Amino acid sequence: MDRNDFSFFDRNQPFTIFESNLPHWMQSGCLYFVTWRLGDSLPVEALVLLDDEINRKLISLGLDPCKDLSVQLQ
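Right, let's walk through the structure included here. Quantities reported herein were computed from a predicted structural model and do not represent experimental measurements. (Residues numbered from 1 in each chain as written. Predicted model: local features only at pLDDT ≥ 70, side-chain atom pairs only at ≥ 80, totals over all residues. Heavy atoms only, no water.)

Looking now at the overall build of the protein. Of regular secondary structure, the protein possesses two helices and two strands. The N-to-C order of helical and strand elements in the protein reads β-β-α-α. Buried positions account for 8% of the 74 residues belonging to the protein. Pairs at least 24 apart in sequence give 24% of the contacts found in the protein among residues at least 6 apart. Surface summary for the protein: the accessible area is close to 6,700 Å², and the carbon and sulfur share equals 57%. (Helix = DSSP H or I, 4+ residues; strand = E, 2+ residues; numbered from the N terminus. Buried < 20%, exposed > 50% of the residue type's maximum accessible area, 1.4 Å probe, protein only. Contact = heavy atoms within 4.5 Å. Areas by Shrake-Rupley, 256 points an atom, 1.4 Å probe, with all protein chains shown as cover.)

Right under this line is the structure:
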């Protein structure tokens, strides 16, 4: 997988919004992610390790984890 495999939500393209417990926005061919708030259920050390792992993966893909990924993937 490389940076050309990613596509982000574009308000100028057709999309669907449907309601359930939360509103869900869907757009064909876009990258989706889910965020859960764990509220301190992970120790700080685990969060640091996860952050480091994500940064290493981004760097291995030629991306700068300190910059806006949506701009870098254009």
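The subject of this paragraph is the environment of F6. If you trace the backbone, F6 turns up in the segment before β1 (16-19). With a relative accessible area of 22%, F6 lands in the partly exposed category. Each C-alpha atom, one on F6 and one on Q74, is 9.0 Å from the other, the two residues being 68 residues apart in sequence.

Glancing now at helix α1 (residues 44-60). Helical periodicity: at 3.6 residues per turn, an α-helix aligns residues three or four positions apart in one direction. Between its terminal C-alpha atoms α1 stretches 24 Å, which fits the 24 Å expected from 17 residues at 1.5 Å a residue. The positive-phi residue at the C-terminal boundary of α1 is G62, with phi of around 80°. (Expected span 1.5 Å × (residues − 1).)

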